[in-house]
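# Structural characterization, general
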Amino acid sequence: MQNRSRLQALTFLEAGLIGIFFVQALRLLVGLLYSRFASASLVTALNPADIDFAFSSIVEPATFSSELGFLVYMLALPLLTLLLGRVRWLIVVGVALAAIGRALMSGDTAITTTVSASMVIGGALLYLAMLVRYRARVLPYFFVIGFGADQVFRAFGDTLDPSWSSSYFGVQLILSLLTLALSFFTTFQENRLAQQAEVSPERGLLPIWGGIGLGALLFLELALLALPNAVAGRASTDYTTFVPILLVATLLPLIPWVRVQARNFIGTFDGGLRGWLWMLLIALLMVFGTRFQGILAGVALALAQFTVSLLWWWLVRPQGERERSFTGLWLVLAAGLLGLFVIGDSFTYEYAFVRGIQSGAEEIDQWVTSLLRGFRGMGLGLLLLAVFLAALPMTQVRRRIPWTGGSSLQNMFGLIVIIATAASAGYAARPPVIAGVRNEPTLRFGTYNIHAGYNEFFSYELENIARTINFSGANIVLLQEVEAGRLTSFGVDQSLWLARRLGMDKRFYPATEGLQGLAVLSNVEIVFHEGKPLASSGPQTGLQRVQLRPDSGIVTVYNTWLGLLLETGEDTEMQEQDQQRQLNQMIATIAGDHPDGELGRMIVGGTFNNVPTSPLIQQMRDNRFSDAFDGQPRELSHTLWRTGQRARLDYLFLSPRMRKVSAGVMETNASDHRMAVVEVEIAQLLGG
């Protein structure tokens, strides 16, 4: 009995480690597939003669195709268990693949990160298939510990997982070797004890409903519930507060006493209603948390995470003596379902960029285009669909409640670990003290469209964006195309990460689904912030207003991103009208904020997506705003910097009371836009 208890503890540890590797690799792989597909598609669309292949970030279509093929093979690995499931040593094969791939993810090798992450996913799925077959009770710990540890890592990295960097390679190598050695030991001991009849396998089976539920649960965790910054963005609440709260909500089901209380609660209902009531509870919490704002909305999403975290125990059921298991097949189904959810989630943000699929059949093109554009505003709808599918396994079980209890020692140990983990994560996520700039004679303002952290060829360049801002010396930076936790940008809150990296304060205004919009960074005290959406038939845009106190007076900053002019053709006139409506709404808002007509010290900036000679930009001049780059050589003021394209689309407009000292554009390729900076004399305008 003692040997069995020790062995079981080691299998929990092994599962937790592989779970951590799996979650870290899965988050990275989703962003990599998005970025590398976009890069390969861009290379295909451009004239090869115009492309500077010296860019290390360029992904050739053939390279991406081979990576995608390798990923497909890795996703199919669980199918091996349909034929070789009785070979217990397949557990070690899965662990080896996951551990080696995770080490390669952080290492500087010739193997691409996409291939390394795919190895982790394939190995972990194979491991899961064997885990269900021989250690069914351990399965929930794989996921709960994995997502909990991911939150801890991100708390220490200001929402960016620091374990992805090459500096972590030494630590990861030790963890990978430890996990591999642990797997050899546990598998060997299980075989030995099984031969001595001291231990029997906890045989389980993942039914088709479990596979569907697994895919949906992974989407819920990745897209929202296991990301404190995503919860904060959706609920418009404070990130720092919800780091420990969400971590506790994730880990609490590990405590046996908590599971017993959940069992007692759900046991009061009829077996045929339990799953549906649990599903309804999660759905209501999700609706409240995403449709309302503030601390209560954040608490609702944290409670949703707690109820979702308890669902991991319902995916697997005991296997009958002569029952055939198709666990490997349903794991592949789970991976496919997760992929569909990720694609759908992507189109809830990028619906406006759909321009037809060129299938050759006009009716099919029109139908598919309308379908994909119809994802606008469907973020909550996707989440609720995922809730429905995630709770399906629970609706199929009527006679069994898998939430089991444990000893008082397990309760105490679990509680201590959770409190210590949440406290350390909360401490790591605390905001830094910012030394504000005050009473300076001049201030530098910048506007920077960061393209969701990607450069032109979709290499993630958040660090280089930070270096550009730092080198510019800007005190206040207006950011556009900022993301606060999307799957395709690796779940990072970009404005928060940049602000902490640069020692600045930040304010974020979400224009789309709570996670994409505008931001202002400042090392000058921020005293007020608000935002409002602008009417849009294309990408959802907005207007952000921030007030700063550099001295005894106030400086007001307006930050915006107007609609795109994507291409010439039938849509061009409609897109221009869209821009004009947005500009009129913006000017009306500014006039409403200053009813006396006195603009005071004010800067209006952002991405206007039109050229300086356009009527749109002239309208800003007609409203008493001066273009900070008027009179400068055109070739020195371009901010859009793409292959074969140079244009000025980003502006900083000054009110009459602001006097320009200098203006320039930073020479950087960290984004497909360049940062525009203007230095403004501020001292003589005291009291403005």
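Residues numbered from 1 in each chain as written. Predicted model: local features only at pLDDT ≥ 70, side-chain atom pairs only at ≥ 80, totals over all residues. Heavy atoms only, no water.

## Focus: the overall build of the protein chain
- Secondary structure assignment for the protein chain yields 21 helices and 16 strands.
- Relative to its 688 residues, the protein chain shows a buried fraction of 58%.
- For the protein chain, the share of sequence-separated contacts (at least 6 apart) that also reach a separation of at least 24 residues comes to 77%.
- When the accessible surface of the protein chain is totalled, it reaches about 28,100 Å², and 61% of it is carbon and sulfur.
- With 51 positive and 52 negative side-chain charges, the protein chain shows a spacing of 11 Å between the two charge centroids. (Helix = DSSP H or I, 4+ residues; strand = E, 2+ residues; numbered from the N terminus. Buried < 20%, exposed > 50% of the residue type's maximum accessible area, 1.4 Å probe, protein only. Contact = heavy atoms within 4.5 Å. Areas by Shrake-Rupley, 256 points an atom, 1.4 Å probe, with all protein chains shown as cover. Lys, Arg positive; Asp, Glu negative; His and termini not counted. Charge placed at Lys NZ, Arg CZ, Asp CG, Glu CD.)

## Brief notes about the pattern of salt bridges
- Applying the stated criterion to the full structure yields 26 salt bridges.
- One salt bridge connects Asp627 with Arg648, and the closest N-O pair in it is separated by 2.5 Å. Here Arg648 lies in the loop between β13 (645-647) and β14 (650-654) and Asp627 lies in strand β11 (residues 626-627), a separation of 21 residues in the sequence. Both residues of the pair, Asp627 and Arg648, belong to the buried class.
- When salt bridges that share partners are traced, they join Glu14, Arg88, Arg135 and Glu190 into one network. (Salt bridge = Lys/Arg side-chain N within 4 Å of Asp/Glu carboxyl O.)

## Comments concerning the pairing of strand β10 (residues 602-607)
- The buried fraction of β10 is high, at six of six residues.
- The pairing of strand β9 (residues 555-561) with β10 spans six bridges and is parallel. Within β10, the residue paired with Val557 across the bridge is Ile603.
- Relative to β14, β10 runs antiparallel, the two sharing five bridges. Each residue of the ladder has a partner; that of Thr607, found in β14, is Asp650. (Pairing = 2+ DSSP bridges.)

## With respect to the nonpolar core
- Judged by nonpolar contacts, the single largest core of 145 residues is most densely connected at Phe22, Phe142, Phe143, Met286, Trp312, Trp403 and Leu479.
- Ranked by the residues each element gives to this core, the list is headed by helix α1 (residues 2-45), at 14 residues.
- Dropping the residues within four chain positions of it, Phe22 is found in contact with Val120, Ile121, Ala124, Leu125, Phe142, Phe143 and Leu218.
- Counting 23 residues, the second largest nonpolar core, distinct from the first, contains Leu443, Ile603, Val665 and Ile682. (Core = buried A, V, L, I, M, F, W, Y, C linked by side-chain atoms within 4.5 Å.)

## Considering the pairing of strand β8 (residues 541-549)
- Most of β8 sits inside the fold, with eight of its nine residues counted as buried.
- The sheet contact formed by strand β7 (residues 525-534) and β8 spans nine bridges and is antiparallel. Residue pairing for β8: Glu530 is matched across the bridge by Arg545.
- Direction of pairing for β8 relative to β9: antiparallel, over a ladder of six bridges. Looking across to β9, one finds that Arg545 is bridged to Tyr558.
- Between the end of β8 and the start of β9, which pair antiparallel, lie five residues.

## Side note on helix α13 (residues 295-309)
- With 15 residues, α13 should reach 21 Å at 1.5 Å per residue; the first-to-last C-alpha distance of 21 Å fits that figure.
- Listed in full, the buried residues belonging to α13 are Ala297, Gly298, Ala300, Leu301, Ala302, Ala304, Gln305, Thr307, Val308 and Ser309. (Expected span 1.5 Å × (residues − 1).)

## Section: the sheet that holds β9
- Strand order in this open sheet of six strands is β7-β8-β9-β10-β14-β11, and the pairing throughout is mixed. Strands at the two margins of the open sheet, each flanked by one partner only, are β7 and β11.
- Here helix α20 (residues 572-593) sits on the sheet and contacts β7, β8, β9 and β10; the angle it forms with β7, its principal contact strand, is near 140°. (Axes fitted to C-alpha atoms, helices over the stretch in contact; angles between N-to-C directions.)

## Here's the deal with the packing of helix α9 (residues 228-235) against α13
- With their axes 9 Å apart at the nearest point, α9 and α13 run at an angle of 135° to one another. It follows that α9 is oblique to α13 by the angle criterion. Between α9 and α13 lies a crossing whose hand is right-handed. Every residue of α13 that contacts α9 at Val231, Arg234 and Ala235 is listed here: Ala297, Gly298 and Leu301.
- Tallied by class, the residues present in the contact of α9 with α13 amount to four nonpolar, one polar and one charged. (Parallel < 35°, antiparallel > 145°, perpendicular 65-115°, else oblique. Left-handed = near helix turned anticlockwise from the far one by under 90°. Nonpolar A, V, L, I, M, F, W, Y, C, P; charged D, E, K, R; others polar.)

## Some words on the environment of His451
- For His451, the location among the structural elements is in the loop between β3 (442-449) and α18 (462-472).
- Judged by its relative accessible area of 12%, His451 falls in the buried class.
- Taking C-alpha positions, His451 is 7.4 Å from Gln480, a pair spaced 29 residues apart along the chain.
- Look past the residues within four positions of His451 in its chain and what remains in contact with it is Phe458, Gln480, Glu481, Ser671 and Asp672.

## Things to note about helix α8 (residues 208-225)
- Across its 18 residues, α8 extends 24 Å between first and last C-alpha, which sits within 8% of the 26 Å expected from 1.5 Å per residue.
- Burial within α8 is extensive, with 16 of its 18 residues counted as buried.

## Looking at unusual backbone geometry
- Phi is positive for Thr159, which is not a glycine, with a value near 85°.
- Tracing the sequence through the fold places Thr159 in the loop between α6 (139-156) and α7 (169-195).
- One non-glycine residue with positive phi stands out, namely His451, at about 55°.

## Describing the environment of Met119
- Positionally, Met119 belongs in helix α5 (residues 113-134).
- Leave out the neighbours within four places in its chain, and Met119 touches Phe70, Met74, Leu97, Ala98, Ile100, Gly101 and Leu104.

## Some points on a nonpolar patch on the surface
- A cluster of nonpolar side chains, contributed by Leu80, Leu83, Leu84, Val87, Trp89, Phe184 and Phe188, occupies part of the molecular surface with about 700 Å² of accessible area.
- Of all the secondary structure elements, the ones that give two or more residues to the nonpolar patch are α3 (81-84) and α7.
- Along the chain, the position of Phe184 falls in helix α7.
- For Phe184, a relative accessible area of 43% corresponds to the partly exposed category. (Patch = residues over 30% accessible without salt bridge, like charges linked within 9 Å, V, L, I, M, F, W, Y side chains within 5 Å.)

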